[in-house]
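Now for the letters of each chain:
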Amino acid sequence: MPYAPGDAGKGASLFKTRCAQCHTLGKGEPNKVGPNLHGRVIHIFRVEGFSYTAANVNKGVTWGEETLFEYLENPKKYIPGTKMAFAGLKKEKDRNDLIVHLKEATA
């Protein structure tokens, strides 16, 4: 099943419990273990000063709803060699909810 708009409120809760320990969303907020995602969810992004693995750089992903949907299921399968420790979200609904939240919170 491809990406379908989800529930941003549920996505915010997922972000808080599954992502916020490594990522920030607000403009000007610092990088953590992972990069700040503000303004970078729906396109190719590189955060100045953040050290990406060669695997991430070489994959050359243009991030959008569909690529995020696939990536968030299993980041290590989508980008072998990534240093992202996140195991992924197996439920399609959870991925849809998180993506809607990310789109709204990082615009």
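Residues numbered from 1 in each chain as written. Predicted model: local features only at pLDDT ≥ 70, side-chain atom pairs only at ≥ 80, totals over all residues. Heavy atoms only, no water.

### Some words on the overall build of the protein chain
Note the cut-off: Put simply, DSSP marks the helices as runs of H or I at least four residues long and the strands as runs of E at least two long, and each gets a number from the N terminus on. Atoms counted for the radius of gyration: C-alpha only. Globule rule: 2.2 Å times residue count to the power 0.38. Relative accessibility under 20% of the residue-type maximum defines a buried residue, over 50% an exposed one, and the middle range a partly exposed one, all with a 1.4 Å probe and only protein chains included.
Helix and strand content of the protein chain: five helices and zero strands. Counting from the amino terminus, helix and strand elements in the protein chain follow one another as α-α-α-α-α. Computed over its C-alpha atoms, the radius of gyration of the protein chain comes to 13 Å, within 12% of the 13 Å expected for a compact globule of 107 residues. A burial count over the protein chain gives 44% of its 107 residues as buried.

### Describing the packing of helix α3 (residues 65–73) against helix α5 (residues 92–106)
This is how it is decided: Helix axes are fitted only over the stretch in contact, all axes being lines through C-alpha atoms; the angle between N-to-C directions runs from 0 to 180 degrees. Roughly parallel covers angles under 35 degrees, roughly antiparallel covers those over 145, roughly perpendicular covers 65 to 115, and oblique covers all other angles. Should the near helix be turned counterclockwise from the far one by less than a right angle, the crossing is left-handed, whereas a clockwise turn marks it as right-handed. Should any heavy atoms of two residues lie within 4.5 Å, those residues are counted as being in contact. Three classes are used, and their members are as follows: Ala, Val, Leu, Ile, Met, Phe, Trp, Tyr, Cys and Pro are nonpolar, Asp, Glu, Lys and Arg are charged, and the others, Gly among them, are polar.
Two elements in contact, α3 and α5, have axes separated by 10 Å at closest approach and are oriented at 130°. By the angle between their directions, the pair α3 and α5 is classed as oblique. Considering only the axes of α3 and α5, their crossing is right-handed. In contact with Glu65, Leu68, Phe69, Leu72 and Glu73 of α3, α5 contributes Glu92, Arg95, Asn96, Leu98, Ile99 and Lys103. Tallied by class, the residues present in the contact of α3 with α5 amount to five nonpolar, one polar and five charged.

### What about the pattern of salt bridges?
Condition: Salt bridge criterion: a side-chain nitrogen from Lys or Arg within 4 Å of a carboxyl oxygen from Asp or Glu.
Tallied over the full model, the rule gives two salt bridges. A salt bridge links Glu65 to Lys103; the shortest N-O distance between them is 2.6 Å. Placement of Glu65 in helix α3 and of Lys103 in helix α5 is noted, with a sequence separation of 38 residues between them. As a salt-bridge pair, Asp97 and Lys93 come within 2.9 Å of each other at their nearest N and O atoms. Separated by four residues within a single helix, Asp97 and Lys93 lie in helix α5, roughly one turn from each other.

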